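A look at the structure
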Amino acid sequence: MSRPLADLSPRASTSAAADEPRFAFAPTVAVTAGRSHGRYVRCPACQEDVPSYLFHRAGVRFVRCASCAAVYVNPARTEPVNNLDVDRFHPFANPRDRELMIEDMGALLDRVASDYAKSHAAPLERTLLLGRYLPEFAKLPQAEAVGLQVAQFNDDHFRQLALDSDLAPLAAQLAARPQVVILQELLESCANPDAVMAKLVEALPANTVFIVTYTNADSLPARMLRRHWASFFESKSVYLGTSNLTALLARHGLVLRAQYPLPVTRTVRYVFDMAARVAPALTVAHSFPLQDAAVPLRVGNRVAVFQRNSREAGRAEKLSIVMPVFNEERFAAQVIDAVLAKQLPIDREVIIVESNSTDGTRDIVRRYETVPGVRVVYEEKPRGKGHAVRTGLAHVTGSIVLIQDSDFEYDIEDYDALLEPILQRKTQFVLGSRSLGLDDWKVRKYDTTPIRGVALNFAQVVFAKTYNLLYQQSVTDVNTMFKVFRVECLDGLDLHSNGFELDIELACKLARNGNAAMEVPVNYAARGFEDGKKIRFWRDAIPSYFAFFRYRF
């Protein structure tokens, strides 16, 4: 309804405006969250600026780094949330859950103390906890035994650390020279965990052990829940997987020594309360009769143990190429010459393991005994490719290991691409995938035996899917010969296989030790069985497949 013209006088207009209702809009959760995230950042794990959008959740934008695959919030918070003080950030509704968290910390300290005593032949006496804490942690009997100091963060101190990577509030505790530092979900709460690690490594003795607890973004729960997984860890800035965590710490001279599940136990009621974030209907479980019963949680929580790499102190990089040779009279000399002629950015040694061939190959190999950079190892009898590779690994003196067959199925020119991510400290372990690249199905194409080729190709897909499921990896070709890794990845590995299944054993045990593989596309030209290919489907493929389960369980 229109107003009379008289009402449009200045005085009337002012009076009318004063009498009209004013609308005030209460911002939604998404709007509030969006306003608090106004700071665009580089990847917190690798500092690259190549984000790939994943999803939004209540105004918070999640991206994945195209370089290292870390998942992080971008734009990030302008004011961080102090999630380290458990009492203030997310107090337990049930006192029993608090008790269980304290017991879990006691179990972790027991494990840390035991492992330290075994590896250092001395008791653990000075331990510092940085990260999520309860005051009761410092009162545990285990805490007294290991000399635990708990850093407690007020909001100002947390802001200094999370946004500015400032360790000044921790100066006194770092000056006490702790033997072990436990980073309890700390790195995931920092805007720049790389800078935090750089300052910690500089401030602490060279023999300090770093225990990193984190929620593995590559874990099976994370893959199944996808965007809902972040709901359980809503205050974090970055979500790390084993590979990018290992690469992050490797840039500061730290290598992964061990990894195992973090003990996390909660009540049934807590489990249902957390699950209700994804499925609200589960809130009815409050009336469940066993709601105080304790259950272990497996949502990707891991413990990774890092130490300085003493092997690299004052030592230049060197590639150790392990080459098993058996009945390869046609190709052996050409492959060895090609490997020796290949220009590399680092020094090399070639370890040839000859398994008493019957076709004259041993006489060919003898010609290389006096060639600089070549070491020839003779076996009395053929015991399988796996045995030959294990023999070669025992003679390695380099910092990086590469396994090379004595034929031309794989392209030696791919060495540069395989070495690059390791030399750049992006990973410890590389697989040369025959299933990546523009020609993405270059595995086995046999003109004379096409059905056998199809069977082997199908088996490769099944092998890769099984490996990814059981070992929480993401690869396309676990059977590849090109396995390249830093020599310290072999620490603690006890290899047993004699046949082709060593490829599987090595990949499985490296993954179980926390060394997630990075794949690089490589060239491949399969030779047929009539040309001397030795692998057999029933003799080699079947035992190799069951090896996935044997080494996992």
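The structure under discussion appears in the preceding block.
Report follows, based on the coordinates. (Residues numbered from 1 in each chain as written. Predicted model: local features only at pLDDT ≥ 70, side-chain atom pairs only at ≥ 80, totals over all residues. Heavy atoms only, no water.)

1. Notes on helix α14 (residues 385-393)
- The element α14 is extensively covered by neighbouring structure, given that eight of its nine residues are classed as buried.
- Taken residue by residue, α14 has K385, G386, H387, A388, V389, T391, G392 and L393 as its buried positions.
- Of the surrounding secondary structure, the elements contacted by the buried residues of α14 are β15 (318-325), β16 (347-354), β17 (374-378), β18 (400-403), β20 (483-486) and α17 (502-512). (Buried < 20%, exposed > 50% of the residue type's maximum accessible area, 1.4 Å probe, protein only. Helix = DSSP H or I, 4+ residues; strand = E, 2+ residues; numbered from the N terminus. Contact = heavy atoms within 4.5 Å.)

2. Remarks on the nonpolar core
- Judged by nonpolar contacts, the single largest core of 43 residues is most densely connected at L183, M197 and F210.
- Counting residues per element, this core draws most heavily on helix α8 (residues 193-203), at four residues.
- With residues up to four places along the chain from it excluded, the contact list for L183 reads L130, M197, L200, F210, I211, V212 and T213.
- Counting 37 residues, the second-largest nonpolar core is a separate cluster that includes L470, Y471, I504 and L506. (Core = buried A, V, L, I, M, F, W, Y, C linked by side-chain atoms within 4.5 Å.)

3. Observations regarding the pairing of β17
- In this structure, β16 lies alongside β17, joined through five bridges in parallel fashion. Looking across to β17, one finds that I351 is bridged to R375.
- Taken together, β16, helix α13 (residues 361-366) and β17 form a β-α-β motif whose crossover is right-handed. (Pairing = 2+ DSSP bridges. Right-handed = clockwise from strand over helix to strand, strands pointing away.)

4. Focus: helix α11 (residues 268-275)
- Among the residues of α11, V268, Y270 and M274 are the ones counted as buried. End-on view of α11: buried residues confined to an arc of 160 degrees, all on one side of the axis.
- At its buried positions, α11 is contacted by α4 (95-120), β12 (265-267) and β13 (294-296). (Arc of directions from axis to C-beta.)

5. Some remarks on the packing of aromatic side chains
- For the structure shown, the criterion picks out 14 aromatic pairs.
- Seen in terms of ring centroids, F62 and Y239 are 6.0 Å apart; in terms of plane orientation they differ by 40 degrees. Their pairing is tilted. Taken as a pair, F62 in strand β3 (residues 60-65) and Y239 in strand β10 (residues 238-239) lie far apart in primary sequence, 177 residues in all.
- Residue class for Y239 comes out buried when judged on its relative accessible area of 2%.
- Here a set of aromatic residues connected by ring pairs shows up, and it is made of F463, Y467, Y471, Y545, F546, F548 and F549. (Phe/Tyr/Trp six-rings, centres within 6.5 Å; stacked < 30°, edge-to-face > 60°.)

6. Focus on the environment of E48
- Tracing the backbone through its elements, the reader meets E48 in the loop between β1 (37-39) and β2 (51-57).
- The partly exposed category is assigned to E48, whose relative accessible area is 37%.
- In this structure the C-alpha to C-alpha distance between E48 and C68, which are 20 residues apart in sequence, comes to 8.5 Å.
- Not counting the four nearest positions on each side in its chain, E48 is found in contact with R42, C43, C65 and S67.

7. Focus on the sheet that holds β3
- Strand order across the open sheet formed by four strands is β2-β3-β4-β10, with antiparallel pairing between neighbours. Looking at which strands have only one partner, the edges of the open sheet turn out to be β2 and β10.
- Inspection of the sheet shows strand β4 (residues 71-73) paired to β10 by two bridges, in the antiparallel sense. Counterpart to V71 in the pairing with β10 is Y239.

8. Some remarks on the side chain of N301
- With respect to the element layout, N301 can be found in strand β14 (residues 301-308).
- What makes N301 buried here is its relative accessible area of 11%.
- The residues contacting N301, other than those within four sequence positions of it, are E185, Y214, T215, P261, L262 and V264.

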